[in-house]
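# Survey of secondary and tertiary structure
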Amino acid sequence: MITEKDTELVRQSLEFAQANGAQKASATLTRSCEDLVATLDSRIDKVTHCEDSSLSLNLFVDGKFGNYSTNDLRPVPVRDFILKAIDNVRMLTRDECRNLPDPERCCKDAVSGYELGLMDKEYDSVTMERRKQTALEASAFPYKEEGFELISEEGEYSDSVYDCYLADTQGLSCIHRETNFDYGVEVTIQDRKGNRYSGYWWESSETLEGFNPRECARKAIAKAAGQIGSRPAKSGKYNMVVDTEVASKMVSPLLKALNGYALQQNCSFLEGSLGKKVLPRGLTILDLPHIKGECCSRLFDSEGVATCESEIISSGEVKQYFLNTYTAAKMGMSPTIESATRPMVAPWPAKGLDRNAILKMCSDGILVTDFNGGNNNGTTGDFSFGVEGYLFKNGKIVRPVSGMLVTGNFLTLWEGLICAGDDARRCMSKLIPTLAFSNVDFSGE
Amino acid sequence: MFEITDNQLNELISLGLSHGGDWCDLYFERTTYQDLILRDSQVSAGGFSLDCGCGIRVLKSDKTGYAYSESLDYNSLSNAAKAASEIADGSRCNGRELCVCTRKAPSRYDQKETWQDSKASNFIPWITGLEQEIRSRDQRVEKVIISLAYSTSEIMMFNSLGEKTSDFRPLGTVMATVLFCKNDRKETVNVSRSFRCGAEMLSESLIRELADQATERLDDRFLAKRPKGGRMSVVMGAGASGILLHEAMGHAFEADFNRKGQSVFSGKMGSRICKEGIDIIDDGTIFGNRGSINFDDEGVPSQKTYMVRDGILCSYLHDRISAGYYGVEPTGNGRRESFRYHPIPRMRCTYMDSGNDGTVQDLISSVRKGVYVDEFSNGQVKIGEGDFTFYVKRGYMIENGKLTFPVKDINIIGNGPQALSQISGVASDLKIDDGNWTCGKEQSVAVSCGTASVLVNNLTVGGE
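Residues numbered from 1 in each chain as written. Chains lettered and ligands numbered in written order. Predicted model: local features only at pLDDT ≥ 70, side-chain atom pairs only at ≥ 80, totals over all residues.

### Overview of the overall build of chain B
In terms of regular secondary structure, chain B is built from 10 helices and 24 strands. Relative to the 2.2 N^0.38 estimate, which gives 23 Å for 464 residues, the radius of gyration of chain B is 24 Å and therefore close to what a compact globule would have. Long-range pairs, those at least 24 residues apart, make up 74% of the contacts in chain B between residues at least 6 apart in sequence. (Helix = DSSP H or I, 4+ residues; strand = E, 2+ residues; numbered from the N terminus. Rg over C-alpha atoms; globule rule 2.2 N^0.38 Å. Contact = placed C-beta atoms within 7 Å.)

Put into C-alpha cells, the structure is as follows:
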C-alpha cells in the first residue's frame, strides 16, 4: 500500500505546485484494495478484485482555490496534471476565505497510520479460497419453514485495506490505515399465498478475529418472515420506537443541520442555535473519534485538523457547529472539525435499556424497523418517511405493519423524546441506539 | 485512442479465458470531468479530475469474475485478466486468435462546441448570467448556488467474439438551487438540465428556461400546506413524474432481479399487468438525451425497448448474462458507472407513452377527491414486495374535478403492480424530462425519465 515512494511523490507534487505558482497546497494520496466474493443461492456468483489509487490536490493560487484529482500517479503525468490544474484555478474568482487550516489545529499524532489499531495484520493471510469458503459457509440456502420458503439469497463477503496520506505546504503530514471485513445478505421469501417479503442483514469488523458473518442469513430471513401478513395500522398519533438498525435516520438530519455549508447558505433548521437549548434535555450527542479498533475512528479530518472527543449537543444545548476553515471564515467564526467523526447518542434516562425494555416502557405504539423512501426538508426540519415495522401493545409485538407514513418536524419530534437506549451496534458508523418518541403522526388505513 | 495493439487485446482475452471461462470482455475508459460552482455570487470553486483504466470481465455461465487496472501497461492488464479468470475453475485452455471486427458507433449525441477544446473560463459569464436572471425574476431570492459540470469519456470495448467497439460520450449538466425567503418562511427550489452534447447547450434560451422554472408558481410554494392524508386518486403530471415509473416499476423489470427471483414481476412475462393501450418503454436512442448511449457498456447497440406493450409485460431489460439465461437477445441495457464496475442491467430513458384518454385537464376533471403532483423526489422501492414511497415536493389538491389549493412535503405510498393495475387514464401529452437524473442501483449511471399525465386510483397519500 502507501510506500515511501508515494509519500515522496506527494512531497514532490507540493514542491512542484509551489514552484509553478501556487502559494499553498495540500495533497491527499490514497490507495485501496478490495476482494469480494458474492453468492447466489449458496453458489459462487461473482468474484472481483479491485485496486485503486488517486492523488487529490487543493491548490491556492493568487487568492483563488481549486480541487483536482488524478489516478495516473506516474511522475511525468503528475507534473503535467499539476501545471494544467494551476492554469485552471487561475480562471476562478478570488476568495479570501480560502486557506489551509492553522497548523496549530492540525494533527501531529498520525505518524504510522497504526495508532488507532484499525489495521489487522491478518489481512495479508486471507486467500481467495478462504474468502469463497467464508461466503459459502454464511449461506442459509435452501431454507424452508412452516408458512414460507426462501426463494432467493444473495450474499456478499468482502475484505479491504485502505491507506490515506495527507500533507500540505505548512508541514502537515498524516497517515491513516484501516482494514475491513464485511458480509451482507439480502433474502427474498415467499409465503403460502405467493406474497414476497425481503430482508437484509450485515456484519462488519476491522479485524478478522472480530468478524462473524454466520448469523447474518438467519437474521435476514427473520426480518423478512416477520413482515408476513403486514398491513397498515389505523392513522393516528402513536408512540414511535425506532430500532437501532435504522435510528440514524432521526439523528443524521440534526448533524447535517449543524454543518457549515448549510448554515452559511441559510439552509439549516438549526441556524442560530449555537449555545441555545433548542432540543430536549434528554438528548446528548458526543463525538468519540478515538475509540481504538472501531470503525470510523480517525485522528484527522480531510483538512488534516486533529479530531478530539467533544460534546455536539449536551442535554439539549447545541455545543458546536461543524465549520471547516472556509465556512468558518465566511461566517466570521472560529473553525472546528468539518463534521462529526464518530457521533454517539448517550443513553437516557438510564443506562442499559435495550429494545425490549423500551417497548415495555412505552407500552403501546409502533416499532419502526425499516424506512422506505420519503424525505426531509433541511431548511425547515419537516419530514415524511415511509415506514414498516410492528404494532405493539402492553410492551409486546402484536402484528407487522407496512405501507405507512410518519410525518412531522424534527424539532417537535425530538421534543417528544421518551428515551434513548444503550444498544447501538458497534459496527455502525454512528453509535445511535434504539430511540422512542411520543405523539408521532402516522398515516395508514 | 488507447495505446494497445490488436495482438495484445487478443492475448488479454486468452488470459481471461485461461481457466475455462465462456466469455471475456475488456472495457477501456478515459474520463475527464470538470466543474465550476457559483456560491455567494462568485464562481470561486471548481476543479477537474482525470480517471483512466481498464476493466476485465470473465463469465462462466452466469457467474462473473471481474478485475480492473488503473494502469494501462500490459503487465498490469495481464494481472487483472488473471484475477478475473479465477471465476472459472476448469483446466487451462489454449487461446485462439480472434479476427478483430471494428464496429462504427451510430451518432446519438454530437458536440458542436466541444467541451474538451473549450476553456472553462469561457463558461463563467454564462453561469453569472443565469444567477442574474434568476435574481431579476423575484425579490424573494436570498441565495443561489449554481454548478456547471461536464465530462467526456473515451471508451473502447473488445470481447471474445473479436468485436471492437469505440464510443465518445459527452455529458453536460447545469444545476441551480435557489433559496427564497418571505418573512420567516423559506422555500428551496432545485432546477437542472443535463444533455449528451457539447457546450452549445449553454444558450440564452436555457438561461430563460431555468429561471422560468425556478420561479414559476412561487406564490403557490409559499401558500402550500400538508393536506389531510388518506387513500385517494393521484394524477401525475407529464414529465418528471416519470421518476415514479423508473423507481416503482422500471427496476422490477430489470432482468437481474427477475433472474434471481427477487422481483415482484418474476414469472409474469406475457401477462397483462395494466390496462390496454398502455406502453412502457426504455429508450437509449433519443438524440442528445442524458440516458442515451450508442452502445451499452458490453458493446451491444442501444435500442428502444418496449417493456409493456398494450398492457402486456413483453420484455425485461437485459445484459448479456440475463439474455443468455432467458435465451433472448440482449437489449443494450448492460451499463456501468466506470471501468471500476462490471455491467448490470440498467435503465436508460424510461417513460410511459402517450395514451388516448384526452388531456391532463380531462383526467383532473374526472377526480372527485385526490391530488395532482408535478414534482416528486426521493423515491424508494422494495423490489421483492413492489412497495414504493415517493416524496411530493409540489402539487395541488383536487376537489370535485378542480385544483383547489397547493400542497407539499407529503408522501405517496403504494405497490408497483397494484398501482399499474389501478391506472385508469393516460393523457396524450408525453413529455421527457431533461433534469439531472442519476440512478443509484449499486453504481451511479446517468438516466432520464418521462411520462404522459397518468391517473392512478386509490393510492395512500400521507399528510397531517
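Okay, back to it.
### Comments concerning the sheet that holds strand β11 (residues 312–313) of chain B
Residue and element names in this part refer to chain B. Taking strand neighbours across the sheet as the criterion, the six strands line up as β11-β10-β9-β14-β23-β20 in an open arrangement whose pairing is mixed. Looking at which strands have only one partner, the edges of the open sheet turn out to be β11 and β20 (431–433). As paired elements, β20 and strand β23 (residues 448–451) share three bridges and run antiparallel to each other. Within the sheet, the bridge partner assigned to I432 lies in β23 and is G450. (Pairing = 2+ DSSP bridges.)

### Focus: the interface of chain B and chain A
If you look at the interface, chain B gives 56 residues, while chain A gives 52 residues. If you list the elements that add at least two residues to the side of chain B that touches chain A, you get β2 (42–60), β3 (63–69), β5 (141–159), β7 (185–195), β15 (369–381), β16 (387–399), β18 (410–415) and β24 (454–462) of chain B. With 12 residues, the top contributor of residues to the side of chain B that touches chain A is β2(B). Broken down by class, the residue content of the side of chain B that touches chain A amounts to 19 nonpolar, 23 polar and 14 charged. (Nonpolar A, V, L, I, M, F, W, Y, C, P; charged D, E, K, R; others polar.)

### Looking at the sheet that holds strand β10 (residues 310–314) of chain A
Residues and elements named next belong to chain A. If you trace the four strands from one edge of the open sheet to the other, you get β11-β10-β9-β12, paired in antiparallel fashion. Each edge of the open sheet carries a strand with a single partner, namely β11 (317–318) and β12 (343–345). Two elements, strand β9 (residues 285–287) and β10, share three bridges in a ladder whose sense is antiparallel. The residue bridging I285 from the neighbouring strand is I313, located in β10.

### Focus on the confidence of the model for chain B
Across chain B, the average pLDDT comes to 93, with 98% of residues at 70 or higher. Reported confidences for the modelled complex are a pTM of 0.94 and an ipTM of 0.92. (pLDDT = per-residue confidence, 0-100.)

### Concerning the pairing of strand β8 (residues 230–236) of chain B
Residues and elements named next belong to chain B. Burial of β8 is extensive: five of the seven residues sit out of reach of the surface. By the bridge criterion, six bridges tie β8 to β24 in an arrangement that is antiparallel. Considered in β24, the bridge of V234 is made with V456. Pairing of β8 with β15, which is carried by four bridges, proceeds in the parallel orientation. Following the sheet pairing, S233 is matched in β15 by G370. (Buried ≥ 20, exposed ≤ 12 C-beta atoms within 10 Å, placed from the backbone.)

### Regarding helix α4 (residues 204–215) of chain B
Residue and element names in this part refer to chain B. Its 12 residues give α4 an end-to-end C-alpha distance of 17 Å, which sits within 8% of 16 Å, the value for a rise of 1.5 Å per residue. Inspection of α4 places L210, A211, A214 and T215 among the buried residues, and these make up the whole buried set. Across the axial projection of α4, the buried residues extend over an arc of 115°, all falling on one side. Considering only its buried residues, α4 is in contact with α3 (124–137), β6 (163–182), β7 and α5 (218–223). The positive-phi residue at the C-terminal boundary of α4 is R217, with phi of around 45°. (Expected span 1.5 Å × (residues − 1). Arc of directions from axis to C-beta.)

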